[in-house]
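What follows is the residue order along each chain.
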Amino acid sequence: MSHFSCEDEARLQSMLRQLLQSVKDKITGAPSVECAEEILLHLEETDENFHNYEFVKYLRQYICSTLGSVIEEETEKCTSAQNQGEGSGYDTLVQHVTKKTRESKEYREMMHSWKNVMMVVVESLINKFEEDQMRNKEMHRKIKKEQHSAYYTDNCSDSDSSFNQSYTFMTQEQLQLLVERLEPSQPKEVRQEAMQTLCSAPPSDVLNCESWPNLRKRLAVSLSDPDSTFSDKILRFYAKIFSSSPLNMTREVYTSLAKHLELFFVSGEKCVPTISDGVDITNPEIIRLLKKMRLLNEYQREVPSFWIRHPEKYMEEIVESTLLLLSVKHEQRHLASPKLLDPVYFLALLDIKAVWFKKWMHAYYSRTVVLRLLEKKYKSLVSLYLWLLYSAWNFGNWKLFLFCNNQKTFYTGQELQYIYFVHSLCLLGRLLIYKQGRNLFPIQLENKKDFVSLTDLLVLFIRCIYCCPTCPKTALTVHTGNYSPAVLVTEVLQILCDRTECATECVYTNMVIDALLHPIHNLLNGTEMHINCPETSLIHIADILARIAAIEDGLSLLLYGGNENFAKKDSLTAAHTVVQFTKKLLDENISVLSGSEMMPALKGAFIFVCRQMYGTCEGLQVLIPYGLHESIAEAWKKASLLSERIPTPVPGTDSASSGNQDSQNIMVWEEILLDDLLNFAATPKGLLLLQNTGAINECVTFMFSRFSKKLQVNGCERFGYEVMVTQMAATPPGAVALQRSGFIKALITELWAVLECGRDDLRVTHPSSIPVDPIDRSCQKSFLALVNLLSYPAIYELISDQEIPNKPEYSLREVPTNVIDVIDRLIILNSEAKIHSLFNYEQSHIFGLRLLSVLCCELDTLLLLESQYKVSQVLLNAQKENVIETSEGSGNFIIDGLSVERNHVLVRLNLTGGPAERILPPRVLNKGTDPYPWPMFSSDTLPGCYLSGPSRKAVRQDSDLNKLLTSLKNPDKQMVWIENYRRQFCKIMKAKPDVINETSEYISFPITADANGKNESLSSVQQLGIKMTVRYGKYLNLLKEGAENDLSLVLMHCGKFLKQQQTSVKSSLRCLRGGYAGYDWFASSVFLIMSGDKEKTLTFLQQFSSLLISAFLWMPRLCVSVHLPIDTAESGIHPVYFCSVHYIEMLLKAELPLVFSAFHMSGFTPSQICQQWLTQCFWNYLDWSEICHYIATCIFLGPDYQIYMCISIFKHLQQDILQHTQTQDLQVFLKEEALHRFRVSDYLEYMESLEPTYRPVLLRDMRNITVQST
């Protein structure tokens, strides 16, 4: 306030005048001055508009700017005191801050300055008020004596110029006199001066006076006055009312103006032009008309922002008066007579994209009223808009779509028709978004018997895309603006496609898809088509198809054409047409488009449509026969060769030259193709196809470059690259590509930064507290990323045959860069140097132990880490060091976070069993005197409390079981036998599942196997696996002494047998250098089923290997097998992954969409956890009886039941999966938790229900794994 200017004084005067004018009635009604002061003091409590007054807003802003820093400082002091336990409660805080602020120096200075300023303002306002009163008296005297002075001439032609007028307060008598002066019979000068006086009066006074109804009628009649100056003054007065009055008053003015325009058009006055004449906006009569329409349209745009605060009837009056005006339609009296322009033409001229209608339809409050009135009274208005579109199409009048420039003074009839078309298109497109709007259809056309349905309208829209007016290519720029027909229609269709409900009702129909594919069919068939700018039109069509394919229902329509029967989804559908056209584009085999500059963009657009399809399991199944991945890879190789020839840019050269532009286009095209290839990795089978192209390393490098920039996968994908990373990490080549790209290094570096260094951008206001959670929230993302990444195939490729550094000294600045470093620095802390190298030793080591716990849930990873690094021994040694030594000898354990975590991990590592067969100690402490009652695992002997007694029941005879075994021993009639044993097996499984576990004791084959072999030829991983199996078998009372040697012989013979069927491959993958990289869990399971009988085991496995199911249950069976295509064998990707697991994802999406979406949102994949379950035959996840049921079910009922089994598990876990998706630990839950309360027999009926739908396709592809992937 120290620099209080004249402008500030005038502004304060205006605001204070507004405040006083608003409360004038309250003050004048007060019996005394004291009462008036009391009213002002309590104005905030009594006036609901108190905070909307400009004076109050200004005062609040002034206080904030003056005292804001004082209030913040006092608040911070008080908050700090509360954190230290001093004071409590929000009220105490407010009172304290208020008191301190009022006692401050700044407050006293502010009050002194404000009083001085307001004294000046009030004094000036009083003087001004006295001058205004004298002026009003003088004017009243002049009016009374009819002494007319020269009237004020307003040269302004714009209705907006009325906002700068000053107010003159008027009495009721004066206003009544003005009404009389505005009579049409009065002289022109009298009416002019009365109008000038009215414009100076406050709108609130005018609208609240008793004479307002008569005055409104006078003004409406006077709008038709031939004197444009007089009508302009009325529009200025209307504009002032619109800008400063509430809705209950402005609605009367609006309806009056709308009624005037309605009568104007209905009367068909001479000044209304015809379509053939066009519109000349320099014509004075047209200017007057456009001013009125413009004022109407501006109010239409503004009124939705505040009409919700008023009764619905006010809004309904405004809406109905508008619709009534737009419904005015001039009929042609004679066929030869020209048609007069309707009001909608002029509205479209001012608001070509119907912004007013968009705003009216935005809120439910107003949308309901508009749609209700359209349905009940004004359905003909919608028909009017439809009529133009259909008349243009039926009569071939495509010249009306010529674009008109922005700067024009004359619009021809054709241009007016085109503007009307754009307005209609935008309005109808907005109407289709809402269900009530769609319910208006079908609509009968004006003067026609035809009805237009939603589908008919969408088909017409689509035809507009490729039936634009013909024009030379040099003139294409006129159609690239915002008003191009193709662009406008595409925008409407994009909005409809992005709204699921709209798309389902409007877009997802075969007729709409056929209309979109019509030009593509013609181009494929070589049929001549008159398409203007085919490249642009096809790009628009591709964009719409991509949006359709991005939604589940739309994708199903493209893939299957609405066929609900899964087994019959092989007919040629839209997807086949699109992929055929895309391959022809890539091969440049379409003559009409050859040599076009827009070919790369067109190719990219249609590849993107295919990408939306092959990025899903079901879409990839449809597109696989076309070998699209090979075509894209070939195009990428060509683009890569071209980009390699691009010369290195030289400083000083013109970077904008055509040569450089071409080079940039080539590099962009190369990246687009890499991105398209990369998206094959979204599914297990697609990842195999990507590996076969030989471009996986380049694709992953490209992905890492985008991932590091935090770029989106694509415009239709809401999540990032986590799913692709997880998918790749489940395969050996994918893991190697991730390492080569630098992705793993960047991930570990980021982990170390948040784990050991903390966030650099975190503002330190208080010392950081010790983390409450074992893994701090800042590290959770990195932890989950590592869990996603480190599946067994990735672990084996990254660390097998590598020693940990175990350096004598570690620098504090030494940051881990690979998985070996993480194991060395966070998990195996077996030296003082490693411990001292950590800033946060306990937190970091717990992080490592939690990671180890999750990784070792995959038994192959457990055996690998144990064989290479002896992790159990390292943890046991650490536990022993956690004992307090006493003079008596044995001491007590120190119970802390590390010892509890180590105890849990040690039990998990050394104890095998399902949910009812082992007990894992908790990771949290109890309240009370004994916080951790569980014994510590600190020696080679496992404490017995962690064992749960096995429940192996005695063998008993069962009549149903005897029938099953009898059928197995007499397989004379093949088909009858198969059906009988299937039926008998299902009956037993549902009624008496426990007896199935004993079936193996009755099965024998008269074949013996050679039992010669040496234990030394087995790897350390296999030897550890044998020990684990024998320990588990003895726990189950299935094995006796000497079983270890028998199992060793079984595995050696299996290895020899399978090696005879392996082919030699040349690959840098570690998993392909020897035999099968993991342990043979299936053979071990069979060994346990046979109660340790090696001859029965080998006989069974030898015969079992000839069955199709062996390829999917027995993982080593097809490892580098001669039965696989050479490229599949060299890929290192197992058929269980690219076949079984691929179909698990596909069925999961169809049967349990919520679970599938949960996986997608978490960045984890069903394929990785299912591969882990199936590889280790559900060991540690199911009890032994359920593992037997799983194996028996797959053998007896077919290999596809392996897929149904996993779907049943996900169905069983659905609620848990959804819950852990919210807590963001889904992958940890699925890997660490056993499958509690899951019984195969409980879900056998559900599996049988899946068989009729999916078996034909699943078995066909399972049998075709030996066929070359196309």
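Residues numbered from 1 in each chain as written. Predicted model: local features only at pLDDT ≥ 70, side-chain atom pairs only at ≥ 80, totals over all residues. Heavy atoms only, no water.

1. Topic: the confidence of the model for the protein
Confidence in the prediction for the protein averages 82 pLDDT; 82% of positions are at 70 or higher. Counting interchain partners and residues more than four positions distant, the pLDDT-below-50 stretch residues 470-481 has 14 contacts. Confidence drops under pLDDT 50 across residues 951-958; counting only partners more than four residues distant or on other chains, this segment forms 16 contacts. (pLDDT = per-residue confidence, 0-100. Contact = heavy atoms within 4.5 Å.)

2. Describing the environment of Ser663
Examined against the element boundaries, Ser663 turns out to sit in helix H32 (residues 658-678). On the basis of relative accessible area, Ser663 is assigned to the buried category, the value being 14%. (Helix = DSSP H or I, 4+ residues; strand = E, 2+ residues; numbered from the N terminus. Buried < 20%, exposed > 50% of the residue type's maximum accessible area, 1.4 Å probe, protein only.)

3. Considerations on the packing of aromatic side chains
Applying the stated rule across the entire model yields 34 aromatic pairs. An aromatic cluster of at least three residues, connected via ring pairs, comprises Phe1159, Phe1164, Trp1173, Phe1178, Tyr1181, Tyr1190 and Phe1210. Directly above the aromatic system of Phe230 lies the positively charged group of Arg191, at a separation of 4.4 Å from the ring centroid. The ring of Tyr1246 has Lys1211 lying over it, and the distance from NZ or CZ to the ring centre is 4.9 Å. (Phe/Tyr/Trp six-rings, centres within 6.5 Å; stacked < 30°, edge-to-face > 60°. Lys NZ or Arg CZ within 6 Å of the ring centre and 35° of its normal.)

4. Things to note about the state of the cysteines
A covalent bond between the sulfur atoms of two cysteines is what we call a disulfide. Applying the stated criterion across every chain yields a total of zero disulfides. Cysteine Cys502 remains unbridged, with the sulfur of Cys506 as its closest cysteine sulfur at 6.1 Å. Cys1177 forms no disulfide, and the closest cysteine sulfur to it belongs to Cys1194, at a distance of 9.3 Å. (Disulfide = S-S within 2.5 Å.)

5. Considerations on the packing of helix H13 (residues 247-266) against helix H15 (residues 312-326)
The description of two packed helices rests on the angle between their axes and on the distance between the axes. Interaxial distance between H13 and H15 falls to 9 Å at its minimum, and their mutual angle equals 15°. One finds that H13 runs roughly parallel with respect to H15. For the pair H13 and H15, the crossing hand works out as left-handed. Only Tyr314, Glu317, Ile318, Ser321, Thr322, Leu324 and Leu325 of H15 make contact with H13, whose side of the interface consists of Leu247, Asn248, Arg251, Tyr254, Thr255, Ala258, Leu261, Glu262 and Phe265. (Axes fitted to C-alpha atoms, helices over the stretch in contact; angles between N-to-C directions. Parallel < 35°, antiparallel > 145°, perpendicular 65-115°, else oblique. Left-handed = near helix turned anticlockwise from the far one by under 90°.)

6. Points about the nonpolar core
One finds Phe1178 and Phe1210 to be the most contacted residues of the largest nonpolar core, which totals 369 residues. The element that contributes the greatest number of residues to this core is helix H20 (residues 413-432), accounting for 12 residues. What Phe1210 contacts, discounting residues up to four positions off in sequence, is Ile1144, Leu1148, Leu1152, Val1155, Phe1159, Pro1166, Ile1169, Cys1170, Trp1173 and Ile1217. If you look at the next biggest cluster of nonpolar residues, it comprises 19 residues, including Leu19, Leu43, Leu67 and Val117. (Core = buried A, V, L, I, M, F, W, Y, C linked by side-chain atoms within 4.5 Å.)

7. Examining unusual backbone geometry
With an omega of 5°, the peptide bond running from Phe441 to Pro442 counts as cis. Within the secondary structure, Pro442 sits in the loop between helix H21 (435-438) and strand E3 (443-444). With a phi angle near 50°, Asn806 is a residue other than glycine that sits in the positive phi range. For Asn806, a relative accessible area of 38% gives the class partly exposed.

8. Some points on the environment of Ile71
Of note, Ile71 is situated in helix H5 (residues 54-83). In sequence terms Ile71 and Lys100 are 29 residues apart; their C-alpha atoms lie 8.5 Å from each other. Sequence-distant contacts of Ile71, defined by excluding residues within four places in its chain, comprise Val97 and Thr101.

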